[in-house]
Amino acid sequence: MNAAAAYAPLNFTLTGRTALVTGAARGIGHAIAVALGHCGARVALADLDPQAAERAAELLRAQGIEAIGVGVDVAEEQQVQAMVTQVERLFGGVDILVNNAGIVSTAPLLELTTAEWNRVMAIDLNSVFFCVKAVLPGMMDRRAGRIINIASVAGKRGGGLLGNSCYAAAKGAVIALTKGLAREAGPFDITVNAVSPALTDTEMTSVLAPQARAQVLAQMPLGRAGTPRDIAAAVCFLASAEAGFVTGEIMDVDGGFMRD
Ligand SMILES: NC(=O)c1ccc[n+]([C@@H]2O[C@H](COP(=O)([O-])OP(=O)(O)OC[C@H]3O[C@@H](n4cnc5c(N)ncnc54)[C@H](O)[C@@H]3O)[C@@H](O)[C@H]2O)c1
Ligand SMILES: CC(C)C1=CC=C(C(=O)O)[C@@H](O)[C@H]1O
């Protein structure tokens, strides 16, 4: 490395980049969209309800961020393709894809219907395949891109208190998919990583009984639940040019929950 490069300040800005965040109307996805926007990216906020997606985008525009809302059911491949086509038309090629949309199912496995199993797999896992399939060819042509999947500690440890085994299986598969894709996309200078949160305060976890919540928090050295902003900060790092040598990484952002 030459002296100029060695002393150049680190640059985490995303100016000129287009980011697509799924499940961005609220919670972790919304915080990620805001944070990427504050780093300079143009942001497409995708969510199931088009009006909620548009309201969320309006909140970013009020902060001076270039943003659009897009309605999509990420479990539907054709809708995903249409979403990417719309984003590319308005904002240009997707440079940063954040696969965040997800649902949790809390039923014990023996009480789970096949329909519910399939719905969790469709939204938490198949969606990642569909979104990647839609953006990867453009990233490969441009020989640049960042794909960031939101996994979960449940995908590493299994279910139980952390959501049921079905949710854990879907997130475990997202982790494996992240590692495999990192190998396939690496030769095109595209990185593929995952952020793996533990209990984070959002609408998803608001259903957790106080006792169960306290039990989870007791296993976290930092003794508190995550905030959507905690997760967004990790995503911004992975989206930046400075994370160009990080791929196939499953980054725990979990208050120390996964430490031995
Ligand atoms: N909250 C946690 O403790 C926690 C922990 C680990 C991982 N996660 C993961 O983080 C991600 C975000 O979770 P959250 O806590 O913000 O959840 P949330 O329920 O608050 O928000 C999820 C968002 O995804 C959207 N969504 C759901 N199904 C969709 C679909 N089919 N198509 C498009 N959008 C859809 C919802 O409308 C909502 O806006 C999820 O993948 C979740 O599994 C959450
Ligand atoms: C709703 C509750 C059972 C829950 C959802 C998701 C989690 C995760 O880690 O992915 C859990 O923290 C869990 O509390």
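See the structure printed just above.
The structure displayed is predicted, hence computed values, not measured ones. Per chain, residues are indexed from 1 in the order of the written sequence. Here every chain gets a letter starting at A, and every ligand a number starting at 1, in the order they are written. Only residues with pLDDT of at least 70 are given local features in this predicted model, and only at 80 or more are side-chain atom pairs given and counted; all residues enter the totals for whole chains, interfaces and linings. Water and hydrogen atoms were dropped before computing side-chain values, which therefore reflect all heavy atoms in the structure.

1. Considering the overall build of the protein
A count of helical and extended segments in the protein gives nine helices and seven strands. Computation of the radius of gyration draws on C-alpha atoms alone. For the globule rule, the value is 2.2 Å times the number of residues to the power 0.38. Taking 18 Å as the expected radius of gyration for a compact globule of 260 residues, we find that the protein reaches 18 Å, a close match to that expectation. Here the C-alpha coordinates of the protein stretch approximately 55 × 45 × 40 Å along the principal axes. Three exposure classes are used, based on accessible area relative to the maximum for each residue type with a 1.4 Å probe and protein chains only: buried under 20%, partly exposed in between, and exposed over 50%. The buried share among the 260 residues of the protein stands at 49%. Considering only residue pairs separated by 6 or more positions, the protein has 72% of its internal contacts joining residues 24 or more positions apart. When the accessible area of the protein is evaluated, it comes to approximately 12,300 Å², of which 55% is carbon and sulfur surface. Positive charges come from Lys and Arg, negative ones from Asp and Glu, while His and the chain ends are left out of the count. All charge positions are set by atom: Lys at NZ, Arg at CZ, Asp at CG, Glu at CD. Each charge sign in the protein was given a centre, from 20 positive and 24 negative side chains, and these centres are 4 Å apart. In this description a helix means any DSSP run of H or I spanning at least four residues, a strand means any run of E spanning at least two, and both kinds are numbered starting from the N terminus. Note on contacts: a residue pair is in contact if any heavy atoms of the two residues lie within 4.5 Å. Using a 1.4 Å probe, accessible areas were evaluated by the Shrake-Rupley method; residue-level cover was limited to the displayed protein chains.

2. A short note on the sheet that holds strand 5 (residues 145-150)
What the seven strands build is an open sheet, ordered 3-2-1-4-5-6-7; its pairing is parallel. With one partner strand each, in any of the chains shown, strand 3 (67-71) and strand 7 (250-253) form the two edges of the open sheet. Going across the sheet, the axis of each strand differs from the next one's by a mean of 20°, ignoring polarity. Examined bridge by bridge, strand 4 (residues 96-99) and strand 5 share four bridges and lie parallel to one another. From the neighbouring strand, V98 faces strand 5, where its bridge partner is I148. Here, a strand pair is defined by DSSP locating no fewer than two bridges between the strands. Helix axes use the C-alpha atoms of the stretch in contact, all axes being lines fitted to C-alpha atoms, and the angles between their N-to-C directions lie in the range 0 to 180 degrees.

Worth remembering: the numbers are spatial, not functional.
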